[in-house]
2 protein chains.
Amino acid sequence: MSDKNSIKGILAPVITPFKKDLSPDPERLIAHCKWLLSQDCGLAVFGTNSEANSLSVREKIDLLNSLTAAGIDPSRMMPGTGSCSLSDSVELTKHAVNSGCAGVLMLPPFYYKNVSEEGLYRYFAEVVERVGDSRLKIYLYHIPPVAIVGITAGLVERLMKRYPTAIAGMKDSSGDWSNTKMMLDRFAKSGFDVFTGNETFLLANMKNGGAGCISATANVNPAAINRLYREWRDPDAEVQQQNLNNIRKTVGQAMMIASLKNIVAHYSRNPEWITVRPPLTELKKEQANQIIEDLEQLNFSMPGLDAFSK
Amino acid sequence: MSDKNSIKGILAPVITPFKKDLSPDPERLIAHCKWLLSQDCGLAVFGTNSEANSLSVREKIDLLNSLTAAGIDPSRMMPGTGSCSLSDSVELTKHAVNSGCAGVLMLPPFYYKNVSEEGLYRYFAEVVERVGDSRLKIYLYHIPPVAIVGITAGLVERLMKRYPTAIAGMKDSSGDWSNTKMMLDRFAKSGFDVFTGNETFLLANMKNGGAGCISATANVNPAAINRLYREWRDPDAEVQQQNLNNIRKTVGQAMMIASLKNIVAHYSRNPEWITVRPPLTELKKEQANQIIEDLEQLNFSMPGLDAFSK
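Every value quoted in this text rests on a predicted model; they were computed, and no experiment measured them.

Asks: What should I look at first to understand the interface of chain B and chain A in this one?
Replies: Where interface size is quoted, it is often the accessible area lost as the parts come together. Contact residues are listed per partner, giving 43 residues for chain B and 44 residues for chain A. The largest share of the area that chain B buries against chain A comes from Tyr111(B), Tyr112(B) and Pro279(B), three residues that together contribute 25% of it. The interface formed by chain B and chain A includes two salt bridges. Salt-bridge contacts for Glu282(A) lead to Arg122(B); the nearest nitrogen and oxygen are separated by 2.9 Å. Our enumeration of links across chain B and chain A arrives at 20 residue pairs in polar contact (both at pLDDT 80 or more). For the side of chain B that touches chain A, the elements supplying multiple residues, two or more each, are helix H3 (86-98), helix H4 (117-131) and helix H5 (144-147) of chain B. Per-element accounting of the side of chain B that touches chain A gives the leading share, seven residues, to H4(B). Per-class residue counts for the side of chain B that touches chain A are 23 nonpolar, nine polar and 11 charged.

Next comes the structure, spelled out in C-alpha cells:
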C-alpha cells in the first residue's frame, strides 16, 4: 500500500547502453540516469525498454551497484526484478531492497502460459516471504502484449489482502484504458498506486486517482511529460496531452527500444548508443534519419543532455 | 549437422524434483535419470517439462554437476540451455559443452515478441561464437504455444549455412505435423536431425527421415515409446502408435507437468514428487486419482522404477 513517501510521478524504463562487445556500459548508464534525474524523472531501470530480460541477474546487480556507487539516489529508483525464475526474482529483489530502492517493478513469471491465478499468487507470495523485508514495495507489472501472462484484479486483491504493505501498486502496460480504469476504481482508494505504461493515458490516469506513468518515451521527453504530471489540472492539459501524443507517435513509428537508442545517440552525438542486444536489431539508416527529421519538425530537443553525455 | 555419433531416438525432458522448500532435489533427479537410462531413454534435462525456466542458471549448473558426478553419461544428455538473456544462454551452454553433453536444446530468446529473423539469427550466432567450441551441437527448440517466438525455416537455413557443424537439429513442439514435415523435407537430407516434440508424430517422423522424439510422456512411458522408435518398420507400428497415443491422452488430460509428477509420485510411492514451483500448481486430488485410475485401465506401469527410487 502506498504512503506519502512512495515514489510517484514520471519514471523512465531506462534504456541500457551497450559497448560494441554487447556488454553493458555503466558509465553511459550513469550519465543518462543523471540527466533523467535532472529532468525530475524517476528511474525504472531494468524494464522492458531496458532490455532487462536480455541481461543476467549478475549484470543487473553490477549495474545497480554502479549506479548507487555513482551517487544516484536509490529512493528515485524502481528497478525491474521479475523473471521466469523464482530464484532469480528473489535474488535481484533482495539486492534492490538492500540498495534502498523505492520499490521494484515485478513481471509475473512469463514462460508458462495459461497459468492459474493461484499459481501466480503463490509465486508473488513466495517472493515476498523469501525477501522477508518490511521495506519491500512491489509494483506489479501488467504487460500482456509482451509477457502474455498478465496481472488480474483478482490477483491484486488477494495479494493486497495478504501483504498490504509489500503490494504497493502496478504498472498497466496493457494499452487498454478500460483495464487501467477498472484497477483504479477497485484499488486506488486503498492506496494502491496505478502507473500507466505510457503517457497517452497520463491525463486520464491523474483525473482518476492514478500515481503517474512509467513510459519508454520518458527516456527522451521527460520534461514535457513531467509538466503534464504537475499541471494536469491546468486549462491547457488537453493540449499538453496532445503534444505528448504527437512526440510519442513519432518516436514509436519504429521499434520503440531501437528508436529511443537512435534518438539518444543523435542528441548525445554518441553513435555507440544505437547498439541493442540480440534478438533486437538497430533501426535501418533511413528509418533512423526519418525519426530525427520528424522530431525536428515538432521542435523536439533534449535540453541539457550535453552536460551529462560521456 | 548430424553425424553417426549424434544423439538420436527417444529423450525425456526430465521432470525436476523439488523438496518442500522448492529447492531442487539432486538425489531424486539422479535416480529418475538412472531409471530413464535403464529404459534406453536419453536425458533432455532442463526442458519445458523440467520447469527449467523456473530455475536459475546456478541451480541448473549445480544439477548438471550432480548428474555427472553421479556417473550419468553426458553423451546421453541434451540439456536445455536457452533463455531470454544472451549471457545466461552462453554461460549454461559453455558448461554443458565442457561437461561433455551430446548437445544442447536451445529456446530462442522469448521475452520480446515479433522480433525479426535477423535478430534471432544474430542471437544464435552470438551464442555459437561466444561458446567457441567445436564440440557444440545445438538443437533449435521450436515451441510456439509456450515461447510464442518460433524457429522458422529461413532461420535454420541461415544458421546451418554459417555454422554447419554447430547447428545439429531441432525439436519441433509446434504440434503441427505440416511444419515438422516441411523441416524434414528441407533439411533432413543435409543431416539436420528433427525430433518431434511428442510421440504422437513419432511414426510419421521416422517414416520421413526424422531422428526420434523428445517427449514429456517419456518421463513415465519410455520403454513403449522406444519400442516404436526401434520397430517403426514393423507391421504393428500403427497399433503401437495408437497405444502410445492413448497413454499420452490419459497423462495429458490435466496440466502435463503436474500430471507427470503425480504419476511418478504414485509409482515411486514418494509423494514429494508432486511438488512444482510456482507459477505451476499441483493437481487437485480428484484429478490426480482419476489419471492413475485411467492409466490402470490401460495396464500402464513403470517397470523397474522401484529399483531406482529414493
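The discussion continues.
Asks: Hey, could you run me through the side chain of Thr250(B) in this one?
Replies: Within the secondary structure, Thr250(B) is located in helix H10 (residues 237-251). Residues within four places of Thr250(B) in sequence aside, it is in contact with Ile291(B), Asp294(B), Leu295(B) and Leu298(B).

Asks: How should the sheet that holds strand E3 (residues 104-106) of chain B be read in this particular structure?
Replies: Paired through their backbone hydrogen bonds, the strands of a sheet run either parallel or antiparallel. All names here are of chain B. Reading across the sheet, the seven strands line up as E2-E1-E7-E6-E5-E4-E3 and stay open at both edges, with parallel pairing between neighbours. The open sheet has two free edges, formed respectively by strand E2 (42-43) and E3, since each of these has just one partner strand. Pairing of strand E5 (residues 167-172) with strand E6 (residues 193-196), which is carried by four bridges, proceeds in the parallel orientation. Residue pairing across strands places Gly169 opposite Asp193, the latter belonging to E6.

Asks: Before we go on, may I ask you to explain the pattern of salt bridges in this structure?
Replies: Oppositely charged side chains may form a pair once their charged atoms are brought near each other. Evaluated as defined, the whole model comprises 40 salt bridges over all chains. Asp193(A) is paired through a salt bridge with Lys8(A); the nearest N and O atoms lie 3.5 Å apart. Of this pair, Asp193(A) sits in strand E6 (residues 193-196) while Lys8(A) sits in the segment before strand E1 (9-12); the two residues are 185 residues apart in sequence, bridging distant segments of the chain. Taking relative accessible area as the criterion, Asp193(A) reaches 7% and is therefore assigned buried. Glu118(B) is the partner of Arg158(B) in a salt bridge, and the nearest nitrogen-oxygen pair spans 2.8 Å.

Asks: Is there a simple way to think about helix H7 (residues 177-187) of chain A in this case?
Replies: In an α-helix there are 3.6 residues to a turn, and that puts residues three or four apart on one side. For H7(A), the set of buried residues is Asn179(A), Thr180(A), Met183(A), Leu184(A) and Phe187(A). End-on, the buried residues of H7(A) take up no more than an arc of 135 degrees, which puts them together on one face.

Asks: How should I be thinking about the packing of aromatic side chains in this particular structure?
Replies: Given two aromatic rings, one states the distance between the centres and the angle between the planes to describe the pair. Residue and element names in this part refer to chain A. Counting across every chain of the model gives 15 aromatic pairs over all chains. Ring geometry for Tyr139 versus Phe195: centroids 5.9 Å apart, planes at 75 degrees, classification edge-to-face. Residue Tyr139 is found in strand E4 (residues 138-142), and its partner Phe195 is found in strand E6; the two are separated by 56 residues along the sequence. With relative accessibility at 1%, the residue Tyr139 sits in the buried group.

Asks: Hey, could you run me through the nonpolar core in this one?
Replies: One broad trend across soluble globular proteins is that nonpolar side chains are buried collectively. In this structure, Tyr111(A), Ile263(A), Tyr111(B) and Ile263(B) are the most contacted members of the largest nonpolar core, which totals 223 residues. In contact with Ile263(B), not counting residues within four places along its chain, are Val220(B), Val251(B), Ile291(B), Ile292(B), Leu295(B), Phe300(B) and Met302(B).

Asks: What exactly am I supposed to notice about the relation of the copies chain B and chain A here?
Replies: Both copies of the chain are related by a screw-like operation: a rotation about an axis and a shift along it. Structural alignment of chain B on chain A gives an RMSD of 0.0 Å, achieved by rotating through 180 degrees and translating 0.0 Å along the axis. Taken together, the turn and the small shift mark the pair as related by a two-fold rotation axis. Considering only C-alpha atoms, the residue of chain B closest to the rotation axis is Tyr111(B), which sits at 4.2 Å. Looking at chain B, 100% of its interface residues are interface residues in chain A too, so the copies touch through the same face.

Asks: I'm lost on H4(B) in this one. Help?
Replies: Residue and element names in this part refer to chain B. Here H4 spans 21 Å end to end across 15 residues, near enough to the 21 Å set by a 1.5 Å rise per residue. Listing the buried residues of H4 in full gives Gly119, Leu120, Tyr121, Tyr123, Phe124, Ala125, Val127, Val128 and Val131. Residues of H4 that are buried sit in contact with H3, E3, strand E4 (138-142) and helix H6 (153-162). Looking one or two residues beyond H4, the residue adopting positive phi is Gly132, at roughly 55 degrees.

Asks: Quick question: what am I supposed to make of the packing of helix H4 (residues 117-131) of chain A against helix H6 (residues 153-162) of chain A here?
Replies: Any two packed helices are characterised by the angle at which their axes cross and by the distance between the axes. Residue and element names in this part refer to chain A. Taken N-terminus to C-terminus, the directions of H4 and H6 make an angle of 35 degrees; their axes are 10 Å apart at the nearest point. Relative to H6, H4 is oriented so that their crossing is right-handed. Across from Glu117, Glu118, Leu120, Tyr121, Phe124, Ala125 and Glu129 in H4, the residues of H6 making contact are Gly154, Leu155, Arg158, Leu159 and Arg162. Taken together, the residues that form the contact of H4 with H6 break down as six nonpolar, one polar and five charged.

What counts and what doesn't
- Residues numbered from 1 in each chain as written.
- Chains lettered and ligands numbered in written order.
- Predicted model: local features only at pLDDT ≥ 70, side-chain atom pairs only at ≥ 80, totals over all residues.
- Heavy atoms only, no water.
- Contact = heavy atoms within 4.5 Å.
- Buried area = accessible area lost by both parts, 1.4 Å probe.
- Salt bridge = Lys/Arg side-chain N within 4 Å of Asp/Glu carboxyl O.
- Polar contact = N/O pair within 3.5 Å; in protein donor to acceptor, adjacent residues only side chain to side chain.
- Helix = DSSP H or I, 4+ residues; strand = E, 2+ residues; numbered from the N terminus.
- Nonpolar A, V, L, I, M, F, W, Y, C, P; charged D, E, K, R; others polar.
- Pairing = 2+ DSSP bridges.
- Buried < 20%, exposed > 50% of the residue type's maximum accessible area, 1.4 Å probe, protein only.
- Arc of directions from axis to C-beta.
- Phe/Tyr/Trp six-rings, centres within 6.5 Å; stacked < 30°, edge-to-face > 60°.
- Core = buried A, V, L, I, M, F, W, Y, C linked by side-chain atoms within 4.5 Å.
- Least-squares fit on C-alpha atoms with pLDDT ≥ 70 in both.
- Expected span 1.5 Å × (residues − 1).
- Axes fitted to C-alpha atoms, helices over the stretch in contact; angles between N-to-C directions.
- Left-handed = near helix turned anticlockwise from the far one by under 90°.

So yeah, pure geometry; function would need other evidence.
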